[in-house]
Every structure is written in structure tokens, then in C-alpha cells.
Amino acid sequence: MSKQRLVIIGNGMAPGRLLEHLFEAAPDAYDVTIFNAEPRVNYDRIMLSPVLSGEKTFEDIIIHGDAWYEGHGITLHRGEKVTGIDREARIVTGASGITAAYDKLVIATGSSPFIIPVPGHKLPGVLAYRDLDDVDGMLRAADRGGRAVVIGGGLLGLEAAAGLKSRGMDVTVLHLMPTLMERQLDPAAGYLLQKELESRGIEVRCGANTKAILGEREVEGVELEDGTIIDASLVVMAVGIRPAVDLAREAGLEVGRGIQTDFAMRTSDPDIFSVGECAEVDGRVYGLVAPLYQMAKVAAEHLSGVSEAAFTHAETPTKLKVTGINLYSVGDFGDGPDREDVVLRDAARGSYRRVILQDNRVIGAVLYGDVADGMWYNELLKSGEDVSKMRDTLIFGQAHQGGGVAADPLAAVANLSDDAEICGCNGICKGKIVQAINEKGLTSLGEVRAHTKASASCGTCTGLVEAVMALTLGDTFAKKAEGMCGCTDLGHGEVRRLIKAQGLKSIPAVMQELEWKSSHGCAKCRPALNYYLLSDWPGEYKDDQQSRFINERVHANIQKDGTYSVVPRMWGGMTSSDELRAIADVVDKFAIPDVKVTGGQRIDLLGVKKADLPAVWADLNAAGLVSGHAYAKGLRTVKTCVGSTWCRFGTQDSTGLGIKLEKFLWGSWTPAKVKLAVTGCPRNCAEATCKDIGVICVESGYEIVYGGAAGLHIQGTTKLGTVATEEEVIEIAAAMTQMYREQGFYLERIYKWADRVGYDTVKAAILDDLESRRAYYERFVLSQKFSQSDPWSERVSGVDKHEFKPLAVFGEDLAPATAKVEPAE
Amino acid sequence: MNALTRDTNAWRLIGSIDDIPSQGARCVKNGETTIAVFRTADDRVFALEDKCPHKNGPLSQGIVHDGCVTCPLHNWVISLETGAATGADEGRTASFPVRLDGRDIYLNLEPNLEMGA
Ligand SMILES: Cc1cc2nc3c(=O)[nH]c(=O)nc-3n(C[C@H](O)[C@H](O)[C@H](O)COP(=O)(O)OP(=O)(O)OC[C@H]3O[C@@H](n4cnc5c(N)ncnc54)[C@H](O)[C@@H]3O)c2cc1C
Ligand code: SF4
Ligand code: SF4
Ligand code: FES
């Protein structure tokens with residue numbers, strides 16, 4: 001039997017899921033052709049907000065990559081909008097004239113964002129929030145800075161506002177109604193949410209009606225009905241969506257608010273299905289993925305054979321995906337004479353919960369702050385269970401119900417019934433996860449996601465899925481990455497992400513907001529936090545000297561006897577008679593016991609007394625020598641060979657390039673030390689192939705390698721690629737250093753970081769994607785503005801004087817009156 | 001000379017708490033002995049001989065956190081109050097009485113005997 005032809009219009013989340021079900025049930029039934037107005041593969045639209053805020057990249061949220069389409073023999077027309085459906089001939093036509101004939105057609109055009117037609121709504125700088133192009137537009141605006149005005153204080157608007165704020169813009173949210181998210185939250189929870197957003201520096205104006213968008217050639221401001229004018233360089237409209245039904249209407253299908261379908265998702269033409277936000281079933285249209293995924297499943301079953309499957313309505317809980325803000329609402333919470341409210345407020349903890357009852361049954365719940373019980377209320381709502389017996393304790397949550405379940409989240413999850421829904425987006429219940437784990441022998445979160453889809457969409461249920469795994473697998477399930485240290489259970493990655501996402505800008509703020517268990521941290525976490533803050537907020541965060549290891553505090557290396565070693569920089573390993581003479585003089589003058597040549601091609605003065613350091617530096621500075629940062633988690637040396645200047649094999653000026661690299665990269669702080677080398681030919685005299693970043697000069701240019709190690713661990717470098725010019729080498733080295741600075745865990749060398757994030761990821765971001773390379777490079781250049789100053793000369797001129805002088809000196813034979821007491825500094 | 005000997009045991013003004021960075025330390029020299037005076041985040045002061053019980057590392061150069069200092073040489077964590085190594089490590093550094101009078105710090109150059117055992 002020859003295959004039937006299935007054509008799909010729209011490549012969003014609903015049809016993506018439909019195809020997964022279809023290929024599972026009937027892998028060979030159809031030849032599939034997809035038309036997508038967006039020029040890309042299917043991605044997780046829900047997760048655009050984390051991409052906007054920088055917590056994820058676009059690659060992270062792709063649902064089906066190119067290989068998937070190839071593997072299933074799907075023809076995907078990207079960037080091809082369908083303009084007509086000829087139902088007689090059973091042919092669809094795209095904007096550029098591409099046609100496809102179908103036996104079965106699925107319309108999944110989603111919705112279009114609603115744009116309020118106020119004057120100025122067409123100006124450049126006015127965006128909706130719907131797809132990746134909108135996010136890119138917002139990121140470009142954020143790069144230029146200024147103020148963003150977000151019109152609409154619903155789910156999308158607030159996620160956009162939080163994302164833009166974390167990208168450094170000033171943000172104002174305009175909301176027409178008196179409280180935020182009024183469709184999902186009651187006024188009390190809306191108020192708490194507003195306060196939380198305001199405390200993060202987002203301005204919120206409720207009851208604000210937009211009159212016009214101002215600007216000549218691009219957006220310059222927004223005018224409100226009451227005459228207020230707000231400056232703005234970006235306006236994001238997130239005021240609602242409309243099912244995209246035009247195409248269906250023109251084709252003569254029955255259309256109400258959406259494309260009308262029966263419970264099998266069939267439109268008024270039996271060969272045409274519709275799923276997603278564009279579909280209207282039983283008089284309702286939907287805007288959250290859970291019901292859309294159900295539509296997808298139902299439609300797939302009907303497409304793969306005779307089926308009884310029918311769509312049923314269910315309440316979908318709402319959560320806001322703004323890191324650090326927890327809210328949960330489900331069901332109906334309007335007031336009514338036959339309804340009862342149970343409310344619990346805890347102002348100190350900023351938490352609020354309200355459960356709405358009708359005839360002793362839960363019909364709605366709103367939780368803000370502590371949302372762990374949301375799922376339990378949702379379960380009560382769905383089961384329609386009579387709750388009169390637990391009426392008195394209902395509001396305190398599941399932990400307070402008779403069964404004696406402790407306030408332990410694991411126990412709470414253990415207590416859930418098998419059909420309790422864990423993942424709302426994908427409608428996955430507890431029993432299904434347990435079953436998958438047991439039957440397929442799953443042991444990691446990734447595997448559970450792959451097999452069940454639980455927590456694979458918006459991810460807010462990840463903790464619950466992990467709890468189910470912990471319960472099912474017992475001790476064999478190593479839950480999370482280990483905490484940074486005893487002060488926190490959060491791992492380095494989570495802490496880094498949260499610092500950015502919550503805009504935390506000081507060590508006390510991190511410890512407060514991320515609930516450190518010790519009052520002031522320890523010697524493990526403080527230096528790490530200090531580094532993360534320094535790297536994430538260049539120019540804003542003030543380095544905390546007391547959170548630095550001694551070597552970085554006094555810019556010299558402590559030795560076993562408490563003396564220090566001093567290493568001046570020798571750019572690219574080059575020195576001169578003047579420098580050598582100055583070094584010799586310093587050695588004599590301060591009776592420095594040892595002078596040694598280091599592995600990084602420079603000279604180490606060993607055994608300097610701490611009190612002598614400023615004077616030693618002053619003399620070295622006078623000869624033009626600066627700190628070599630031999631102590632730093634930062635650029636150490638760029639080792640070079642003599643290259644084409646002297647060597648008969650040399651292909652390029654390796655020494656010159658090494659010096660340029662060192663002059664460009666010095667001073668920046670990194671998660672761990674960074675060593676480079678430039679070697680003049682593949683004979684590799686400068687040992688570039690075991691460095692963090694190495695450059696091997698060849699006739700045609702420069703081969704760049706990275707991720708080498710030659711310490712406790714030995715590892716050869718991995719090739720990044722070959723480039724033609726020195727400028728490219730420098731740009732790539734800086735971009736890679738910056739990527740490492742932004743992603744590396746404290747004390748994690750480049751090779752470990754690259755092992756962790758993947759060499760392909762690094763290559764894609766630094767070599768292949770020129771735009772991304774440039775962006776990293778520019779962020780590096782910005783941060784260098786604040787870090788390229790010689791710490792020695794700063795100290796010679798008096799910075800941190802207290803470090804080098806005793807507070808008081810008492811001689812055994814000195815009378816107290818003559819004790820030397822240093823005056824306050 | 002008697003008067004002077006007694007004076008050695010008396011409290012000495014060594015400076016102001018403002019001379020020591022919060023979560024930092026400064027040293028006081030007493031002949032051959034170096035005493036590290038620490039200031040915690042909540043403005044308490046402690047004095048220990050500047051010698052780690054492990055291999056004599058200069059504790060004044062370590063990171064101060066809560067009531068402890070982490071030695072810069074091999075990361076032993078020493079209690080500022082008692083001078084004793086915490087956790088699995090064993091050993092004790094001499095501690096000295098210090099007290100605050102307003103913002104002035106007074107140090108007693110005789111080590112705490114009862115704790116030195
Ligand atoms: C920023 C953001 C955050 C969200 N957060 C959540 C959340 O937390 N939880 C939740 O449940 N939901 C969330 N949603 C909603 C969710 O993403 C949508 O409900 C879901 O993606 C809709 O899927 P769909 O397949 O119906 O349509 P879409 O995913 O919108 O796909 C429709 C596709 O069809 C294409 N198309 C339209 N017309 C044509 C045509 N004529 N020819 C060819 N192609 C066409 C469009 O370009 C688009 O790519 C969020 C949405 C956004 C934008
Ligand atoms: S690496 Fe090549 S160019 Fe450099 S010194 Fe060795 S042989 Fe000469
Ligand atoms: S190899 Fe060991 S002993 Fe030698 S300098 Fe390095 S850390 Fe010290
Ligand atoms: S000398 Fe202090 S830990 Fe080793």
C-alpha cells in the first residue's frame with residue numbers, strides 16, 4: 001500500500017507532538033510535508049523567556065533538530081507561509097509558490113499576538129512576544145540599553161519584563177487592570193507579585209491605559225491616557241493572542257473564535273484536522289500547552305487508525321517562569337454567593353494561599369510564595385472529592401492532613417496517588433513515571449525526560465520528577481550536582497544561573513536570597529561567589545578583598561614559610577638587559593634568597609618578606625615591570641617560541657603574536673588559571689598542545705587548539721579550527737576566555753569546562769557563529785576596562801596599605817609607653 | 001624593672017577596630033612572636049599566635065568566615081575563639097585575650113593558659 005500524504009500547516013508545539021505520537025503508532029502510514037512561516041525547526045516556545053533572560057540558549061530549547069526531520073523523511077519548508085488551501089483539488093500553496101497535495105491536512109497555525117492599534121504601533125522598536133525573532137529583537141534593543149515599556153501585565157508581559165531587566169534594561173510594565181495577571185491571580189496574590197517585581201527594580205503601573213506610542217523614526221516613548229509620558233527605546237506588546245484562523249476561514253471551514261472541530265479534532269471537512277491554539281473545541285480555545293498536547297494525541301490517534309479518542313476539557317494550572325517567583329493558580333476563583341474562600345497569609349514569608357470551595361469541593365486555588373501544595377489542590381480539584389472532613393486543615397496543605405505526612409517534600413510526593421499529575425504541560429502522572437523508571441531501568445533525569453516527557457517542557461516540575469525518581473530508585477539516585485560547599489546545597493551551575501537571573505550583586509545578597517546555611521559563608525564559597533559576581537557584573541560589583549585567597553589579595557604567591565614569591569610579567573617570554581638589571585638590583589637590595597626561571601618563561605624571586613613587597617614592586621615598576629599575576633586565577637603567561645624571527649622552521653611571528661595576546665588578555669579574572677602558548681610551527685617548541693589555549697602557526701595561518709592540561713591531570717588539546725589572521729586569533733582567544741569566564745565553575749580549568757559543556761558547543765559558539773563570537777568578544781573587552789590595571793603600582797601608591805604593615809609592634813624590652821602604635825589609616 | 005614586667009601582662013591598646021578590615025586580620029609583633037588579631041563580620045575581635053598548628057602557616061593571611069579562619073597553606077580551619085583546629089584535624093594555636101573598649105582594641109600579651117592545654 002502506498003503511503004498517504006499528510007500535510008501540516010504550522011510547525012509549532014502542537015503538531016510537533018502530534019507527529020511524535022503518529023510515528024509511534026503508525027511509523028509508515030504517511031509521507032509528511034510541513035510548511036512553517038518561521039524559518040526554523042520546531043522549538044519549545046514556552047522556553048523563550050529563559051532564552052531572553054540568558055538562562056538558556058536557543059539550541060537548548062530545540063525540540064526536533066534537523067536530524068529528526070531527516071530521520072522521518074519529513075519535507076520541511078522553512079519560512080514558507082501557506083497562503084491558500086484548495087479543498088477541491090486537495091492542494092495547499094505557499095507564499096513563494098510551493099505546492100503540496102494532501103490526503104490528510106492538519107492546520108496548526110497557532111495564534112497571532114494582538115497589537116493594540118494606537119498611533120505609533122508600527123514604529124520600529126515595537127515588538128510582540130511570540131517567537132524567536134521577537135526575542136532577538138529584544139536582545140538587540142537590550143544591547144543598546146535604555147528603557148523598555150512592556151504593555152500587558154499577564155504571563156507573557158511579566159516574563160518579558162523580567163528577562164529584559166536581567167539583560168540590563170530599565171523596565172516599566174503598563175497594565176490596564178488594577179492588579180497583575182488578574183485572569184490567573186486574585187488581587188491579593190497580584191499585589192504580592194507586584195511588590196516582588198518592584199523590589200527587583202521593575203516599575204509597575206496598573207490601571208494604565210496606553211494612548212499613543214511616540215517617536216519620529218523609531219520608538220522614543222509611550223503616552224498614557226492621563227497624559228504621562230514615559231521614555232522608551234523598546235515597546236513590547238503582550239496584551240493577548242488571537243487564534244490564527246484566516247486561512248481556514250478563506251478555505252470555507254467553519255470558524256468561530258477558532259477553527260471549529262469535533263472532539264476528534266476534525267474540522268468541518270473530515271480530511272482536515274486542526275490542533276493547537278488555532279483550534280476551537282466544544283466552544284473553547286486554549287493558550288497553554290497541556291490541552292494542546294492532548295489535542296495532538298487525540299488527532300494522532302485518529303490519523304493512525306480508527307479510534308475512540310476524544311478531547312476532554314481540564315483546568316490547566318498556571319505558573320510564572322520567572323526564576324525566584326513562585327506562583328500557582330488553577331481553576332476558578334471568581335467570587336460568588338455559593339462559594340467559600342479559605343485564605344492563609346504569612347506576610348513575613350511573603351506567602352499567600354487561597355482555596356476556593358463550592359459544595360465542599362475544591363474549584364480553584366491560588367498560591368504565592370510557597371507553592372508546593374499546588375499540585376495537591378489540583379488533584380482535589382480534578383477528583384472532585386468531598387473535602388468537608390479536612391475542611392479545617394485544608395489550607396495548611398497536604399502535610400497537615402491526618403495521614404501524618406511530615407513536612408518533608410519527599411514524603412508529600414510519596415503520599416500522592418499514582419494518577420496524581422506531576423508534569424502539567426505533558427499530562428504525565430506519577431504512576432507513569434514510576435512505571436517507566438522500573439520497566440526501562442531509567443536512572444537519570446535526562447532519561448526520564450526522554451522516555452516520559454515529564455519536565456521536558458516548561459521544567460517547573462523538575463523537582464517533583466526528581467522526588468519521584470528518588471522514591472523509586474532509593475539511594476541509587478544521586479539527586480543533584482553536589483552543593484558548592486557545606487553552606488549550600490546548590491551547585492556551582494545553579495548559583496551562577498541564579499546570580500544572573502535574580503540580579504544578585506553582592507555576596508550578602510547571594511547568601512540571603514539563595515538561603516545560605518552559614519551566616520558568612522566559608523573559604524570555599526566566598527572566593528567562588530566573589531569571582532562570579534566580578535565576572536557577571538563588570539564595573540558594578542566591587543571586588544571583596546576579604547573573600548580572596550591571600551595570593552590574590554597581596555598579588556604575590558605565599559610560600560611554605562610565609563614569605564612570598566614575586567614574578568614580574570615578561571610579555572611573551574621576552575626580556576631585556578634593563579629589566580634583568582633591575583631584577584638583579586632588587587634581589588641584592590632586599591636580600592632575596594632565590595632567583596629561579598619558571599616553566600612559563602619568566603623569572604621568580606623567592607622568599608620576599610611580606611612587609612618588603614611594596615618596596616620591591618616600586619623598584620620593579622620603576623624599570624617598567626608589572627605584576628605577572630603568577631598568583632591569579634587569571635591569565636598567567638603566553639609562552640612562545642622565537643618563530644619566524646629567528647627559527648629556520650618558523651612560519652609566523654609567534655613571539656609577536658604571543659605578546660599581542662598577552663597584552664590583550666592580561667588582568668582579567670577567570671574561574672581558574674589560564675595559560676596560553678604560541679608556537680611557530682608544528683614542531684611545537686612552545687608546547688602549545690597542553691595549554692588552556694594554544695596557537696600553532698602554519699604556512700596558511702594559525703591553528704587554534706584548546707582544553708589541554710599538564711598538571712595532576714594530563715590531556716592533549718582539542719582542535720578548534722584554523723584562521724588566517726592574527727586579528728582572528730586574538731578575537732577567538734578573547735571570546736573563548738569570555739565564554740569560559742561566564743560559564744566556568746570556580747577552580748574549573750578550561751579543559752574541565754569544555755569537557756562539561758562539550759567541545760562542539762564551544763566550537764559552535766566561538767568559531768562557527770560569528771555573531772556569537774563577536775558578542776563574547778565585546779563582553780570581554782568591556783570587562784577588561786575594569787580589570788587591566790597593574791595591581792603592583794596601585795599598592796605602591798598606597799592601596800591596601802594595611803595588608804603590609806603590622807598593627808602594633810612591642811619589643812620585649814620596650815616600655816608600654818614607647819610601644820609603636822600605628823595610627824588608624 | 002618589676003613595674004615593667006607587670007606592665008607586660010597588662011592590657012595594651014593596639015589600635016582601633018577600624019584598622020582591621022571586616023573579615024580580615026592584622027598582625028602585632030611582640031619580639032619574636034607574631035600575634036594575629038582578627039575581626040569578624042559581626043565586629044568581634046580575636047587574637048591567635050600567627051602560626052597554624054599544622055605547619056606554622058601564617059593564619060593572619062587566611063580567609064576569615066564566621067568564627068573561624070582558613071589557613072592559607074593547606075586549608076585547615078582554625079577556631080578563632082579557642083585556636084583549635086576544627087573538623088578532623090587536631091592541634092591548637094595559642095590564643096590571647098583581647099577586648100574592645102568602644103572601638104579601641106586592647107590585647108593582653110600573655111596567652112590564655114587555660115585554653116592552651
Ligand atoms: C513567551 C511565551 C511563553 C509561554 N509560556 C507558556 C507556559 O509557561 N506554559 C504554557 O503552557 N504555555 C506557554 N506559552 C504558550 C505556548 O507556547 C503555546 O500555547 C504553544 O506554543 C502553541 O502551540 P501551537 O502549536 O498551537 O502554535 P505555535 O507554537 O504558535 O506554532 C504555530 C506556528 O505556525 C506558523 N504558522 C502560522 N500561520 C502559518 C501559515 N499560514 N503557514 C505556515 N506556517 C504558519 C507560525 O509561524 C508558528 O511557527 C508561552 C508562549 C510564549 C510566546
Ligand atoms: S616551534 Fe617551530 S618555529 Fe618555533 S622554535 Fe620550534 S621549530 Fe622553530
Ligand atoms: S610541583 Fe608541587 S612542589 Fe613543585 S611548585 Fe608545583 S605545587 Fe609546589
Ligand atoms: S600550615 Fe596551616 S594548614 Fe598547613
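Described in the following lines is the structure provided in the data block. What you see is a predicted model; the values in this text were computed from it and never measured.

1. Focus: the interface of chain A and chain B
Alright, step 1. Each partner contributes residues to the interface: chain A has 35 residues there, and chain B has 31 residues.
Alright, step 2. Carbon and sulfur atoms supply 57% of the area that chain A and chain B bury against each other, a total of about 2700 Å² over both sides.
Alright, step 3. Area buried by chain A at its contact with chain B is led by Gln546, Leu807 and Phe810 of chain A, which between them contribute 28% of it.
Alright, step 4. Linking chain A to chain B there are zero salt bridges.
Alright, step 5. Scanning the region where chain A abuts chain B turns up 14 residue pairs in polar contact (both at pLDDT 80 or more).
Alright, step 6. Mapped by element, the contributors of at least two residues to the side of chain A that touches chain B are α16 (525–536), α17 (550–554) and β39 (808–810) of chain A.
Alright, step 7. Among the elements that line the side of chain A that touches chain B, the one with the most residues is β39 of chain A, at three residues.
Alright, step 8. Class assignment of the residues belonging to the side of chain A that touches chain B gives a composition of 16 nonpolar, 10 polar and nine charged.
Alright, step 9. Note that β39 of chain A and strand β2 (residues 24–30) of chain B share three bridges and pair parallel. When the sheet's bridge partners are listed, Ala808 of chain A is paired in β2 of chain B with Val28 of chain B.

2. Quick notes on the pairing of strand β31 (residues 603–608) of chain A
Residue and element names in this part refer to chain A.
Alright, step 1. Burial of β31 is extensive: five of the six residues sit out of reach of the surface.
Alright, step 2. For strand β29 (residues 564–566) and β31, the ladder comprises three bridges, and the chain directions are antiparallel. Considered in β31, the bridge of Tyr564 is made with Val608.
Alright, step 3. Sheet topology note: the strand β30 (residues 594–597)/β31 ladder contains four bridges and is antiparallel. The residue of β31 that forms the bridge with Asp594 is Leu606.
Alright, step 4. Hairpin connection from β30 to β31: five residues lie between these consecutive antiparallel strands, with Gln601 at a positive phi of about 65°.

3. Overview of the side chain of Gln738 of chain A
All names here are of chain A.
Alright, step 1. In this structure, Gln738 sits in helix α21 (residues 726–743).
Alright, step 2. Assessed through its relative accessible area of 3%, Gln738 is described here as buried.
Alright, step 3. Discounting chain neighbours no more than four positions away, the residues touching Gln738 are Tyr776, Arg779, Phe780 and Ser783.

4. Here's the deal with empty space enclosed by the protein
All names here are of chain A.
Alright, step 1. Overall, the coordinates contain two cavities of 30 Å³ or more when judged by the stated rule.
Alright, step 2. Volume-wise, the largest cavity comes out at about 60 Å³.
Alright, step 3. Taken together, Pro527, Asn530, Tyr531, Ser547, Arg548, Glu552, Lys633, Trp669, Thr670 and Tyr746 form the lining of the largest cavity.
Alright, step 4. Along the lines of polarity and charge, the residues of the lining of the largest cavity split into four nonpolar, three polar and three charged.
Alright, step 5. Within this model, the second largest cavity holds a volume of roughly 30 Å³.
Alright, step 6. Taken together, Asn11, Gly12, Asn36, Glu38, Val41, Asn42, Tyr43 and Arg45 make up the full set of residues lining the second largest cavity.
Alright, step 7. Residue composition of the lining of the second largest cavity, grouped by class: two nonpolar, four polar and two charged.

5. As for the packing of aromatic side chains
Residues and elements named next belong to chain A.
Alright, step 1. If you walk through the whole model with that rule in mind, you get 14 aromatic pairs over all chains.
Alright, step 2. Relative to Tyr69, the ring of Trp68 lies with its centre 5.2 Å away and its plane at 90°, an arrangement referred to as edge-to-face. For the pair Trp68 and Tyr69, one class covers both residues: buried.
Alright, step 3. Seen in terms of ring centroids, Tyr706 and Tyr759 are 5.3 Å apart; in terms of plane orientation they differ by 45°. Their pairing is tilted. Remark: Tyr759 occurs in helix α23 (residues 759–768) and Tyr706 occurs in strand β35 (residues 701–706); sequence separation between them is 53 residues.
Alright, step 4. By relative accessible area, which is 1% here, Tyr706 ends up buried.
Alright, step 5. Feature note: the residues Phe23, Trp68 and Tyr69 constitute an aromatic cluster, connected by ring pairs.
Alright, step 6. Cation over ring: Arg17 sits above Tyr293, and NZ or CZ is 3.8 Å from the ring centre.
Alright, step 7. In this structure, Arg683 packs its charged tip against the face of Phe649, placed 3.7 Å from the ring centre.

6. Things to note about unusual backbone geometry
Residues and elements named next belong to chain A.
Alright, step 1. A positive phi is found at Arg90, a non-glycine position, where the angle reads about 55°.
Alright, step 2. Position of Arg90 among the secondary structure elements: in the loop between β4 (82–86) and β5 (91–94).
Alright, step 3. For Asp359, which is not a glycine, the phi torsion comes out positive at approximately 50°.

7. Quick look at helix α24 (residues 770–787) of chain A
Residues and elements named next belong to chain A.
Alright, step 1. Taking 1.5 Å of rise per residue, 18 residues should cover 26 Å, and α24 covers 25 Å from first to last C-alpha, within 8% of that figure.
Alright, step 2. By the burial criterion, the buried members of α24 are Ser772, Arg773, Tyr776, Tyr777, Phe780, Ser783, Gln784 and Ser787. Down the axis, α24 shows its buried residues gathered within 135° of arc, on one side only. Counted as exposed and oriented over 90 degrees from the buried face of α24: Leu770, Glu771 and Lys785.
Alright, step 3. In this structure, the buried side of α24 is in contact with α20 (654–665), α21 and α23.
Alright, step 4. Of the residues flanking the start of α24, the one acting as N-cap is Asp769, its side-chain oxygen 3.0 Å from the backbone nitrogen of Glu771.

What counts as what
Residues numbered from 1 in each chain as written. Chains lettered and ligands numbered in written order. Predicted model: local features only at pLDDT ≥ 70, side-chain atom pairs only at ≥ 80, totals over all residues. Heavy atoms only, no water. Contact = heavy atoms within 4.5 Å. Buried area = accessible area lost by both parts, 1.4 Å probe. Salt bridge = Lys/Arg side-chain N within 4 Å of Asp/Glu carboxyl O. Polar contact = N/O pair within 3.5 Å; in protein donor to acceptor, adjacent residues only side chain to side chain. Helix = DSSP H or I, 4+ residues; strand = E, 2+ residues; numbered from the N terminus. Nonpolar A, V, L, I, M, F, W, Y, C, P; charged D, E, K, R; others polar. Pairing = 2+ DSSP bridges. Buried < 20%, exposed > 50% of the residue type's maximum accessible area, 1.4 Å probe, protein only. 1 Å grid on protein atoms, 1.4 Å probe; cavity = no way out; pocket = protein on both sides within 12 Å on 5 of 7 lines; lining within 4 Å. Points joined across faces, edges and corners; volume = space filled by probe spheres on them. Phe/Tyr/Trp six-rings, centres within 6.5 Å; stacked < 30°, edge-to-face > 60°. Lys NZ or Arg CZ within 6 Å of the ring centre and 35° of its normal. Expected span 1.5 Å × (residues − 1). Arc of directions from axis to C-beta.

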